[in-house]
Amino acid sequence: MPYSQKHPNPRVIVVGAGIGGLMMGLLLGKAGITYQIFERSANVKALVFSRPELYDILLRQIPKDRISFNKRILSMRRSAGGTRIYCSDNSIYEGDIVIGADGAYSAVRHNMHKMMKADEGVAPVQDVKDMAMPYMCMVGTTGPMDPVKYPQLSDPLNHLHHVIGTDIHSWTVITIPKNRFCWSVMVQVKDQAEAKEQRFRNSEWGPEANNPLIDEVKDFPITFGGTLGDVIKATPKDRISKVMLEEKLFETWHYRNVVLIGDGAMNAMQDAVVLANCLYDLKDLSPESLTAAFEDYKSQRYKEAKKQVANSKLNARVSSGQTFVEKIVRHLILNFVPTSVKARQFSKAAAYRPQVAFLPSVTDRGLIKALPNRPSKRAMYEEMLLRKRDVVLTPYEPSQAF
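Definitions and limits used
Residues numbered from 1 in each chain as written. Predicted model: local features only at pLDDT ≥ 70, side-chain atom pairs only at ≥ 80, totals over all residues. Heavy atoms only, no water. Pairing = 2+ DSSP bridges. Helix = DSSP H or I, 4+ residues; strand = E, 2+ residues; numbered from the N terminus. Phe/Tyr/Trp six-rings, centres within 6.5 Å; stacked < 30°, edge-to-face > 60°. Buried < 20%, exposed > 50% of the residue type's maximum accessible area, 1.4 Å probe, protein only. Lys NZ or Arg CZ within 6 Å of the ring centre and 35° of its normal. 1 Å grid on protein atoms, 1.4 Å probe; cavity = no way out; pocket = protein on both sides within 12 Å on 5 of 7 lines; lining within 4 Å. Points joined across faces, edges and corners; volume = space filled by probe spheres on them. Nonpolar A, V, L, I, M, F, W, Y, C, P; charged D, E, K, R; others polar. Axes fitted to C-alpha atoms, helices over the stretch in contact; angles between N-to-C directions. Parallel < 35°, antiparallel > 145°, perpendicular 65-115°, else oblique. Left-handed = near helix turned anticlockwise from the far one by under 90°. Contact = heavy atoms within 4.5 Å. UniProt positions renumbered as here; feature names shortened; annotations may be inferred. Patch = residues over 30% accessible without salt bridge, like charges linked within 9 Å, V, L, I, M, F, W, Y side chains within 5 Å. Areas by Shrake-Rupley, 256 points an atom, 1.4 Å probe, with all protein chains shown as cover. Salt bridge = Lys/Arg side-chain N within 4 Å of Asp/Glu carboxyl O.

Quick notes on the sheet that holds strand S7 (residues 97-100)
- Across the sheet, six strands lie side by side as S3-S2-S1-S7-S14-S13; this open sheet has mixed pairing. Of all the strands in the sheet, just strand S3 (67-68) and strand S13 (254-255) have a single pairing partner and so form its edges.
- Here S13 runs beside strand S14 (residues 258-260); their pairing, made up of two bridges, is antiparallel. Looking at the pairing, Tyr255 lines up with Val258 of S14.

So this is what it looks like as structure tokens:
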């Protein structure tokens, strides 16, 4: 069927109101697609680096009636009208498409696997295996601090100081705008069984769960002067978070009308951009069209996501690894790999910058040129109509009813 001015307007359920979920909702709104975001928590914290500001910027773009907090997803079931989600407060919602943006331990992924097992008798074996947990990380962002005591805070350039300890710890302190530091402590996990037990005990870590690690690291020196304890004291308790860093690249990204986007800010936002492009190009809501769109999304993102996961693992081992092999690798990379080689690797990664195909393109700034982006078939068709027929196309507005 050729492209036309009439396009489907699916009802899209986005589960998870982190940075990825908000980006997904923002782009769906720009595309004129009806959506609703459901978040299990009363609010979402974005603590690392300057993400609180980024999160607030994204959140302000989402109409208040398009996001529902305190909505923990218990189950999903197919229905005649699509898929229904069942929440812990006994509410039920139905959508044509369900997007899981709810992190590594995604309720949407879990329920998608259950649906696959019910239909086909098996769940994807590789995807249901436990994730590796190589590090525990505590992060925070301070309030404003004294630039006289810490003169680097006045520099318009960011200063990043990273210290590798002699046992299982490494820590980073970075200057950010408004005379603040963001900081992190990495603890290498040697016992996977103990890590799993900690994750189980602290699935909803609160401020009190941070105290043992704070006591453990408070006297560690920082190269800006003073100790980690000084910056931790200057950090509001609700701006400190402790998480297990877990590694895995899942192979199953979608099933029927359910699709997943990745965890981690950069991966999640890039996933959202590419998936939004694919949904914008939908011709109809048939199972075949949805599967083709989701396969297109995965084919565009899988190779890059795999690279990013591999790079993340390598960077963590170089910057924080404490095993004998990791120390040798770090010594070789930092002392013998030419700066030009490392710069080329960085340039390749930075050149991958997918853009929203149905919005004006962002021009290149800086020295690293972006890789070419795939054009939208629908956007190209609509542009052709404008040129040939002088047709004025009215943008779709999302329906007020979900």
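Section: the packing of aromatic side chains
- Following the criterion strictly, the structure yields seven aromatic pairs and no others.
- With a centroid separation of 4.5 Å and 45° between ring planes, the pair formed by Phe38 and Tyr93 is classed as tilted. Taken as a pair, Phe38 in strand S2 (residues 34-38) and Tyr93 in strand S6 (residues 92-95) lie far apart in primary sequence, 55 residues in all.
- Assessed through its relative accessible area of 1%, Phe38 is described here as buried.
- Centroid distance Trp253 to Tyr297: 5.5 Å. Interplanar angle 55°. Geometry classified as tilted. One end of the pair, Trp253, is in the loop between strand S12 (240-247) and S13; the other, Tyr297, is in helix H9 (residues 287-320), and 44 residues separate them in sequence. The pair Trp253 / Tyr297 is uniform in exposure class, with both members buried.
- The structure contains a cluster of three or more aromatic residues connected by ring pairs, namely Tyr150, Phe181 and Phe224.
- Lying over the aromatic face of Phe250, Arg109 brings its terminal NZ or CZ to 3.7 Å of the ring centre.
- Geometry around Tyr280 places Arg378 over its ring, the cationic atom sitting 3.9 Å from the centre.

Let's talk about the layout of surface pockets
- Volume-wise, the second largest pocket comes out at about 620 Å³.
- Lining the second largest pocket are 27 residues, and of these Cys278, Asp296, Gln300, Arg374 and Pro375 sit closest to its centre.
- Looking at the lining of the second largest pocket, the elements that each hand over two or more residues are helix H8 (265-280), H9 and helix H12 (377-389).
- Here the lining of the second largest pocket takes seven residues from H9, the largest share from any one element.
- Across the lining of the second largest pocket, the residue classes tally to 13 nonpolar, six polar and eight charged.

Things to note about the packing of H8 against H9
- Where H8 contacts H9, the axes come no closer than 9 Å and their chain directions differ by 160°. Considering the angle they form, H8 stands roughly antiparallel to H9. Crossing hand, H8 versus H9: right-handed. Packed against H8, whose contacting residues are Met266, Asn267, Gln270, Asp271, Val274, Leu275, Cys278 and Leu279, the element H9 presents Ala293, Phe294, Asp296, Tyr297, Gln300, Arg301, Ala305 and Gln308 at the interface.
- Tallied by class, residues from the contact of H8 with H9 come to nine nonpolar, four polar and three charged.

Describing the UniProt feature "transmembrane region" (unreviewed entry) in the protein
- UniProt's feature table lists "transmembrane region" (unreviewed entry) at residues 12-33, given in the numbering used throughout.
- End-to-end, the C-alpha atoms of residues 12-33 are 8 Å apart, and along that stretch the chain is 55% helix and 18% strand.

Remarks on a nonpolar patch on the surface
- Nonpolar side chains collect at one region of the surface, where Leu314, Phe324, Val325, Ile328, Val329, Leu332 and Phe336 lie side by side and expose about 700 Å² of accessible area between them.
- At six residues, the largest contribution of residues to the nonpolar patch is made by helix H10 (residues 324-336).
- Mapped onto the secondary structure, Leu332 falls in helix H10.

Describing the environment of Gly25
- Here Gly25 shows up in helix H1 (residues 19-30).
- Looking at Gly25, the relative accessible area reads 0%, which means it is buried.
- Through-space distance from the C-alpha of Gly25 to that of Val12 is 9.0 Å; in sequence the pair is 13 residues apart.
- Not counting chain neighbours up to four residues away, the residues in contact with Gly25 comprise Tyr35, Ile37 and Ile62.

Some details on the pairing of strand S9 (residues 160-164)
- Across five bridges, S9 lies against strand S10 (residues 169-176) in antiparallel orientation. Across the sheet, residue His162 finds its bridge partner in S10, namely Thr172.
- Joining the antiparallel neighbours S9 and S10 is a turn of four residues.

Remarks on the pattern of salt bridges
- A complete count under the given rule lists ten salt bridges for this structure.
- As a salt-bridge pair, Lys71 and Asp89 come within 2.7 Å of each other at their nearest N and O atoms. Here the residue Lys71 occupies a position in the loop between S3 and strand S4 (73-79), and Asp89 occupies one in the loop between strand S5 (82-87) and S6, the gap between them amounting to 18 residues.
- The class of Lys71 is buried, set by a relative accessible area of 11%.
- Judged by its relative accessible area of 38%, Asp89 falls in the partly exposed class.
- Across the pair Arg84 and Glu94 runs a salt bridge whose closest N-O atoms are separated by 3.1 Å. Taken as a pair, Arg84 in strand S5 and Glu94 in strand S6 lie far apart in primary sequence, ten residues in all.
- Because the salt bridges share partners, they merge into one network encompassing Arg11, Arg84, Glu94 and Asp96.

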